[in-house]
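Descriptive structure summary
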Amino acid sequence: MKRLISEATGMVIGDPEAERSVPPTGFTARLTVFTAAAMAFLSVFALALSLATDRLADQWASELAQTSTIRISAPAEQAEAQVAAALRVLETTPGVASARALTDAEQRELLAPWFGPDLPVDRLPIPRLIEVVETSDGFDTTGLRARLQAEVPGAILDDHTRWREPLVDAASRLRLLGWIAIALIIGATGTMITLAAQSALAANAQVIRVMRLVGAEDGYIARAFVRRFTLRALAGALIGAILAGVAILTLPSADTTGGFLTGLGFRGIEWLWLLAIPVLIGVVAFFATRAAALRVLREQS
Amino acid sequence: MKRLISEATGMVIGDPEAERSVPPTGFTARLTVFTAAAMAFLSVFALALSLATDRLADQWASELAQTSTIRISAPAEQAEAQVAAALRVLETTPGVASARALTDAEQRELLAPWFGPDLPVDRLPIPRLIEVVETSDGFDTTGLRARLQAEVPGAILDDHTRWREPLVDAASRLRLLGWIAIALIIGATGTMITLAAQSALAANAQVIRVMRLVGAEDGYIARAFVRRFTLRALAGALIGAILAGVAILTLPSADTTGGFLTGLGFRGIEWLWLLAIPVLIGVVAFFATRAAALRVLREQS
Amino acid sequence: MIELEDVAYSYGGAELFSGLSLKLAPGSFHFLTGPSGAGKTTLLKLCYGELLATSGHVMLFEQDAARLDRDQVAMMRRRIGVVHQDCQFLDHLTMRDNVALPLTVSGRSSAFSADLDDLLAWVGLRRQADQLPPQLSGGERQRAALARAVIMSPDVIIADEPTGNIDWEMSQRLLSLLIELNKMGKTILVATHDLNLIRAAKSQVSSRVLRLKDRQLQQAGAEL
Amino acid sequence: MIELEDVAYSYGGAELFSGLSLKLAPGSFHFLTGPSGAGKTTLLKLCYGELLATSGHVMLFEQDAARLDRDQVAMMRRRIGVVHQDCQFLDHLTMRDNVALPLTVSGRSSAFSADLDDLLAWVGLRRQADQLPPQLSGGERQRAALARAVIMSPDVIIADEPTGNIDWEMSQRLLSLLIELNKMGKTILVATHDLNLIRAAKSQVSSRVLRLKDRQLQQAGAEL
Ligand SMILES: Nc1ncnc2c1ncn2[C@@H]1O[C@H](COP(=O)(O)OP(=O)(O)OP(=O)(O)O)[C@@H](O)[C@H]1O
Ligand SMILES: Nc1ncnc2c1ncn2[C@@H]1O[C@H](COP(=O)(O)OP(=O)(O)OP(=O)(O)O)[C@@H](O)[C@H]1O
Ligand SMILES: [Mg+2]
Ligand SMILES: [Mg+2]
């Protein structure tokens, strides 16, 4: 491990003398840089998709999953008492962060799409609604139902499960897809860089032969190739990630509409991912090329 | 053009003699096949995403965009008359496919989440709802509003624009993303195969020199390379597309939950895309390699 | 067959030679000597169209080399058998396939297969026929290159140092192959620095010895 | 320095030679001749550790070649200057860098730069120092290969047909370089089929001529 690290450091600091012994191989170089760039670009997009889905899931979680509603249908004169009783029950329920009865204005607003804005809420036998906000752990739905049934006969707990599940399910599937795509992309990148390095090494059998003839050690020859390919992959990935970043920044951000994909982008610390992806690709390239170089050198002895 | 086609045909039927003159180049071969496979795999997924979004948009379009609601708030005794008047207006409105008043049971169901199932709809001053189904062309919202205002004072038209827009917007953005991803992927594939072919050609300078020495024409040499690379790309892309197809088939299809991503898959004739993508990649590979080969041959003369 | 008229060549720097004229009549046998780096290989490359003269005219089979397009050059190469100085082969094909490559390229694979074995035997490579080029010794490769040059029975044979890595006995044998071909009417041009080889040839065939030195092509004679 | 004891080698098929013994004492000068394909190059490769004997022992600088690991072989190569039969260079480096490559690899780039120019001048490549290997003539490449072999001032110099593509005058000059090095105490082993070269050397230095033929290594003498 220590050797690997010192090797990696040595590689980055560099041994330009050794590197000169490897011919520039124009097309392979471009291939490596381009592959790394394209793959980094795709990774960043997949990542952005995943992060957006994460946020979406979070949003749904906080908007739907962590709020429940208790509906209290009771004759007008008992309503206030039952609401108070329900609130008392909720106060002593573990997992409930807060609970409050909706005001008439709020209830009117909620019902506006159905009844128009002029609904005489106070004169109607409309159930009273209590908004319950869960803690992140959530509460025990069955337990709470049982307690409410006992103490507040007119109360019905609606934890929005019915609405939440397909959405959370969709979000988690989309997120999973994003991560699978990233894993696939990084894996493919590693393989492509390995194969590019191997074909460069195979095409440079003559170089290896000459270097051997004049007494170069395997490590010396390998370093030259590894350094080149790692730096190329790193450079390509950086370019790709930056381009992707720019592309994402210029995507019309439709935050105002509140729609589904509005959040396709990075926020705050998430931008660091733009750096992490090239580094990851660089590390993959380092190990992939190193293994390839040592293998080819062993085979060609 | 004619020459190109005869060349492409000749290439597929093959000139195994010519092909033998190009060394098998193990790693470049694997690189090409793998690249084509990985890219085809990603393309198929991006395509599936696009198609799913298409379907989603369609679904939303039919479920939301093509239905509107008319809410009629009126004293109980006038309600029936106003509903009848509104329906009469709607009958003569171009762009309206059908319209009907919701029954009490339907309205009760709609309101159940808020009031519980036992709402005495008939005894409440609840507005009556009319569901309007548009034809695919849709109706003139402003015109309809004006007519309703004149003839049915208590009617309010809600065409769901508020709900529909962000969703349709999100769907179209997701679909756009999918197509951009496919274009990027196919473009990247073409570039990678070109570069792989070019580096193979550059690594085989010796082969080209020898072939020239014994009197081979440029076309003969190019054909050998082009055939190889096209067939490899085609094979790789087929493998990738098939794997992707299998992966999509085995994705848990959560159609029952009705959630967002349930439709990630192909339906009926859409499966033909699985064939189209390899063919497209093969065509790209053919032209890319051909251009690369002719360029390298010209440069090395 | 091949005519150079007042030809000069330079690789970008100073001219290697200039005002050089040479006429290879059908059925003639020429040797080309000169110190290392004088430009013998370059001159031969002009004669088979790999290089184009910087000035002057090179006529190959009555055609101006400068006016041939790439496919015509390829066609012309089939009429000229060339032994390159650093013999070049396709490393993934057996020696048999390598020697038969000119036939393959011109679409006559099967016609000559008996001749092929005879030829390989003649240059002493029957045993090595199924080996790959890197598995051959230096001399064996040179012999294979000569075999490849003559397999199409071309009108002209141009050989660049065909005996550089070959022992005296085998050199004699290759020489007699060339002499035999010459007697069948082929035009032969051999660049070599092996004066013994030239001397041996002089006693068997009427040949001319050219010497490229100090940018000039001279007729050599007395010193041999 | 280098000792072969009862050595046999085969490339998989029949044995090329067997029961072969050879001892290169420090400061000795050996020639190796034999027909093309006899196994001269193979024998030399055994002497610098590129191949391992199929049986018998090869001792390089008192170490068993079979027991050296890959890095030790690399270290040992720095003490042996090799001229390969098909001279191999890095095509993207100038001849100067190519000749200096052994210095670069062993980390002594700058120390010898004056010597480098002298050496290039000696083999007649001063003008070509900045050209790339494919831009050199066959003979020029062979001379460069010799220059590269001697630049590290190695203890042993092994040359495989170093004069195959070189005219007589230049051959003489390279020979005198080798003789000079030998007089400085270097051990020299040259494979060649050029009997004239051996004859010329015999008159200037005490050398032994070995002949590899019919799977045996014999002392040659009378016929030269
Ligand atoms: N591609 C090139 N670019 C620049 N200079 C070149 C090129 N090829 C050859 N030369 C130079 O031209 C000169 C003549 O080369 P050429 O190969 O014709 O010599 P030659 O007579 O065949 O020598 P030899 O007997 O050593 O083979 C040499 O000095 C060489 O350095
Ligand atoms: N890698 C290999 N695999 C199989 N056979 C080989 C290999 N290398 C050489 N040979 C065979 O071994 C024999 C000896 O080869 P070697 O190169 O040692 O000959 P040589 O004496 O140097 O000949 P030359 O004078 O022509 O250079 C040849 O017949 C050759 O075909
Ligand atoms: Mg030459
Ligand atoms: Mg040899």
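Residues numbered from 1 in each chain as written. Chains lettered and ligands numbered in written order. Predicted model: local features only at pLDDT ≥ 70, side-chain atom pairs only at ≥ 80, totals over all residues. Heavy atoms only, no water.

The name given to chain C in an unreviewed UniProt entry is Cell division transport system ATP-binding protein, with the source organism recorded as Cognatiyoonia sediminum.

The name given to chain A in an unreviewed UniProt entry is Cell division transport system permease protein, with the source organism recorded as Cognatiyoonia sediminum. What the UniProt record of chain A gives under Subcellular location (unreviewed entry) is the line "Cell membrane". (UniProt positions renumbered as here; feature names shortened; annotations may be inferred.)

Moving on, we come to empty space enclosed by the protein. Overall, the coordinates contain eleven cavities of 30 Å³ or more when judged by the stated rule. A volume near 440 Å³ is recorded for the largest cavity. Listing elements by their share of the lining of the largest cavity, those giving two or more residues are helix 3 (26-65) and helix 7 (161-203) of chain A together with helix 3 (26-65) and helix 7 (161-203) of chain B. Partitioned by chemical class, the residues of the lining of the largest cavity number 22 nonpolar, two polar and no charged. (1 Å grid on protein atoms, 1.4 Å probe; cavity = no way out; pocket = protein on both sides within 12 Å on 5 of 7 lines; lining within 4 Å. Points joined across faces, edges and corners; volume = space filled by probe spheres on them. Helix = DSSP H or I, 4+ residues; strand = E, 2+ residues; numbered from the N terminus. Nonpolar A, V, L, I, M, F, W, Y, C, P; charged D, E, K, R; others polar.)

Here we come to the pattern of salt bridges. Inspection of the entire model under this criterion finds 18 salt bridges over all chains. Here the residues in one salt-bridge network are Arg212 and Asp218 of chain A together with Arg70 of chain D, joined through shared partners. (Salt bridge = Lys/Arg side-chain N within 4 Å of Asp/Glu carboxyl O.)

This brings us to the sheet that holds strand 6 (residues 80-83) of chain D. Residues and elements named next belong to chain D. Strand order in the open sheet formed by six strands is 6-7-8-3-9-10, with mixed pairing between adjacent strands. Looking along the sheet, the strands with just one partner apiece sit at the ends: strand 6 and strand 10 (216-220). With direction set aside, neighbouring strand axes in the sheet form an average angle of 20°. In terms of strand pairing, strand 9 (residues 208-213) meets strand 10 through five bridges, oriented antiparallel. Within the sheet, the bridge partner assigned to valine 209 lies in strand 10 and is alanine 220. Those strands touched by helix 1 (residues 40-47) are strand 3 (29-33), strand 6, strand 7 (156-160), strand 8 (187-191), strand 9 and strand 10, and its axis lies near 160° from that of strand 7. (Pairing = 2+ DSSP bridges. Axes fitted to C-alpha atoms, helices over the stretch in contact; angles between N-to-C directions. Contact = heavy atoms within 4.5 Å.)

Attention shifts here to the interface of chain D and chain A. Taken residue by residue, the interface counts 22 residues in chain D and 22 residues in chain A. Summed over both sides, the interface between chain D and chain A buries roughly 1900 Å², with carbon and sulfur atoms accounting for 57% of that surface. For the chain D face of the interface with chain A, the top three residues by lost area are Arg70, Gln88 and Val105 of chain D, together amounting to 30%. The partner of arginine 70 of chain D in a salt bridge is aspartate 218 of chain A, with the nearest N and O atoms 2.5 Å apart. Across the chain D-chain A interface, the total number found is five residue pairs in polar contact (both at pLDDT 80 or more). Among the elements of the structure, helix 2 (70-77) and helix 4 (101-105) of chain D are those that each provide at least two residues to the side of chain D that touches chain A. Per element, the largest residue contribution to the side of chain D that touches chain A is five residues, and it comes from helix 2 of chain D. (Buried area = accessible area lost by both parts, 1.4 Å probe. Polar contact = N/O pair within 3.5 Å; in protein donor to acceptor, adjacent residues only side chain to side chain.)

This part covers the site of ligand 2. Near ligand 2, the surroundings consist of 21 residues, among which Ser137 and Glu140 of chain C together with Lys40, Thr41 and Thr42 of chain D are the closest. Chains contributing residues near ligand 2 are chains C and D. Within the contact set of ligand 2, an oxygen atom lies 3.1 Å away from a side-chain nitrogen or oxygen of glutamine 131 of chain C. Residue threonine 42 of chain D places a side-chain N or O atom 2.5 Å away from an oxygen atom belonging to ligand 2. Going through the elements one at a time, helix 6 (138-150) of chain C together with helix 1 of chain D are the ones with two or more residues in the shell around ligand 2. Partitioning the shell around ligand 2 into residue classes produces four nonpolar, 13 polar and four charged. (Near = heavy atom within 4 Å.)

Residue and element names in this part refer to chain C. Considering the arrangement of structural elements, one finds arginine 211 in strand 9 (residues 208-213). By relative accessible area, arginine 211 is classed as partly exposed at 22%. Each C-alpha atom, one on arginine 211 and one on alanine 191, is 9.6 Å from the other, the two residues being 20 residues apart in sequence. (Buried < 20%, exposed > 50% of the residue type's maximum accessible area, 1.4 Å probe, protein only.)

Further remarks concern helix 2 of chain D. All names here are of chain D. Of the positions making up helix 2, those classed as buried are Val73, Ala74, Met76 and Arg77. For helix 2, the angular spread of buried residues about the axis comes to 165°, placing them on one side. Sitting at the amino-terminal end of helix 2 is aspartate 69, which places a side-chain oxygen 3.1 Å from the backbone nitrogen of aspartate 71. (Arc of directions from axis to C-beta.)

For the rest of this paragraph, the subject is the packing of helix 9 (residues 218-250) of chain B against helix 10 (residues 273-299) of chain B. Helix packing geometry: the angle between the two helix axes and the distance between the axes. Residues and elements named next belong to chain B. Two elements in contact, helix 9 and helix 10, have axes separated by 8 Å at closest approach and are oriented at 155°. With respect to each other, helix 9 and helix 10 are oriented roughly antiparallel. Regarding helix 9 and helix 10, the two cross each other, and that crossing is right-handed. Broken down by class, the residue content of the contact of helix 9 with helix 10 amounts to 20 nonpolar, four polar and two charged. (Parallel < 35°, antiparallel > 145°, perpendicular 65-115°, else oblique. Left-handed = near helix turned anticlockwise from the far one by under 90°.)

Below, the discussion takes up a nonpolar patch on the surface. Residues and elements named next belong to chain A. Residues Leu238, Ile242, Val246, Ile269, Leu272 and Leu275 make up a contiguous nonpolar surface patch of about 590 Å² in total accessible area. If one sorts the elements of the nonpolar patch by residue count, helix 9 (residues 218-250) sits on top with three residues. Relative to the elements of secondary structure, leucine 238 occurs in helix 9. Overall, the relative accessible area of 35% leaves leucine 238 in the partly exposed class. (Patch = residues over 30% accessible without salt bridge, like charges linked within 9 Å, V, L, I, M, F, W, Y side chains within 5 Å. Areas by Shrake-Rupley, 256 points an atom, 1.4 Å probe, with all protein chains shown as cover.)

Glancing now at the coordination of the magnesium ion (ligand 4). Residue and element names in this part refer to chain D. The coordination sphere of the magnesium ion (ligand 4) contains the protein donors Thr41 (OG1) and Gln85 (OE1), at a distance range of 1.8 to 2.2 Å. With threonine 41 in helix 1 and glutamine 85 in the loop between strand 6 and helix 3 (95-99), this residue pair connects regions lying 44 residues apart in the sequence. Neither threonine 41 nor glutamine 85 differs from the other in exposure class; each is buried. (Donors = N, O, S within 2.8 Å, 3.2 Å for Na, K, Ca; no water.)

Attention now moves to the site of ligand 1. Not every one of the 21 residues close to ligand 1 is listed here, only the nearest: Lys40, Thr41 and Thr42 of chain C together with Ser137 and Glu140 of chain D. Mapping the residues near ligand 1 onto chains gives chains C and D. Glycine 37 of chain C places a main-chain nitrogen or oxygen 2.8 Å from an oxygen atom of ligand 1. Interatomic distance of 2.8 Å between a backbone N/O atom of glycine 39 of chain C and an oxygen atom of ligand 1. The set of elements that each furnish at least two residues to the shell around ligand 1 consists of helix 1 (40-47) of chain C together with helix 6 (138-150) of chain D. Looking at the shell around ligand 1, its residues break down into four nonpolar, 13 polar and four charged.

Residue and element names in this part refer to chain A. Mapped onto this numbering, the UniProt entry gives "transmembrane region" (unreviewed entry) at residues 31-52, 176-203, 229-251 and 271-293. For the annotated span residues 31-52, helix accounts for 100% and strand for 0% of the residues, and the straight-line distance between the end C-alpha atoms is 31 Å. When the span residues 176-203 is considered, its composition is 100% helix and 0% strand, and the gap between its end C-alpha atoms is 40 Å.

Let's shift gears to the pairing of strand 7 of chain D. Residue and element names in this part refer to chain D. With five of its five residues buried, strand 7 lies for the most part within the structure. Side chains Val156, Ile158 and Asp160 project from strand 7 onto one buried face, and the interleaved Ile157 and Ala159 project onto a second face that is buried too. In terms of strand pairing, strand 6 meets strand 7 through four bridges, oriented parallel. From the neighbouring strand, isoleucine 80 faces strand 7, where its bridge partner is valine 156. The pairing of strand 7 with strand 8 spans five bridges and is classified as parallel. Looking across to strand 8, one finds that aspartate 160 is bridged to alanine 191. Each parallel crossover has a hand, and the one from strand 7 via helix 7 (residues 168-183) to strand 8 is right-handed. (Right-handed = clockwise from strand over helix to strand, strands pointing away.)

Spanning 13 residues, helix 6 of chain C covers 19 Å between terminal C-alpha atoms, matching the ideal 18 Å at 1.5 Å per step. With 13 of 13 residues buried, helix 6 of chain C lies mostly within the body of the structure. (Expected span 1.5 Å × (residues − 1).)

This part takes up the environment of threonine 230 of chain A. Mapped onto the elements of the fold, threonine 230 of chain A is located in helix 9. Taking C-alpha positions, threonine 230 of chain A is 25 Å from alanine 247 of chain A, a pair spaced 17 residues apart along the chain.

With that settled, the discussion passes to the nonpolar core. Core analysis: the biggest nonpolar cluster contains 96 residues, and Met211 and Ile281 of chain A together with Met211 of chain B have the highest contact counts within it. If one sorts the elements of this core by residue count, helix 3 of chain A sits on top with 14 residues. If we skip the residues at most four places from it in the chain, methionine 211 of chain B touches Ser21, Ala216, Tyr220 and Ile221 of chain B together with Leu90, Leu101 and Val105 of chain C. (Core = buried A, V, L, I, M, F, W, Y, C linked by side-chain atoms within 4.5 Å.)

The subject of this paragraph is the sheet that holds strand 2 (residues 15-24) of chain C. Residue and element names in this part refer to chain C. A sheet is described by the order of its strands in space; here four strands give the open sequence 2-1-4-5, paired in antiparallel fashion. Unpaired on one side and paired on the other, strand 2 and strand 5 (63-64) mark the two borders of the sheet. With respect to the sheet, helix 1 is in contact with strand 1 (2-10), strand 2 and strand 4 (55-60), its orientation differing from that of strand 1 by roughly 130°.

What follows deals with the packing of aromatic side chains. According to the stated counting rule, one finds eight aromatic pairs over all chains in the structure shown. Aromatic pair phenylalanine 286 of chain B and phenylalanine 287 of chain B: ring centres 5.1 Å apart, planes at 80°, arrangement edge-to-face. The class of phenylalanine 286 of chain B is buried, set by a relative accessible area of 6%. Aromatic pair phenylalanine 29 of chain C and phenylalanine 31 of chain C: ring centres 5.2 Å apart, planes at 40°, arrangement tilted. The ring of phenylalanine 229 of chain B carries the charged tip of arginine 232 of chain B above its face, separated from the ring centre by 5.0 Å. (Phe/Tyr/Trp six-rings, centres within 6.5 Å; stacked < 30°, edge-to-face > 60°. Lys NZ or Arg CZ within 6 Å of the ring centre and 35° of its normal.)

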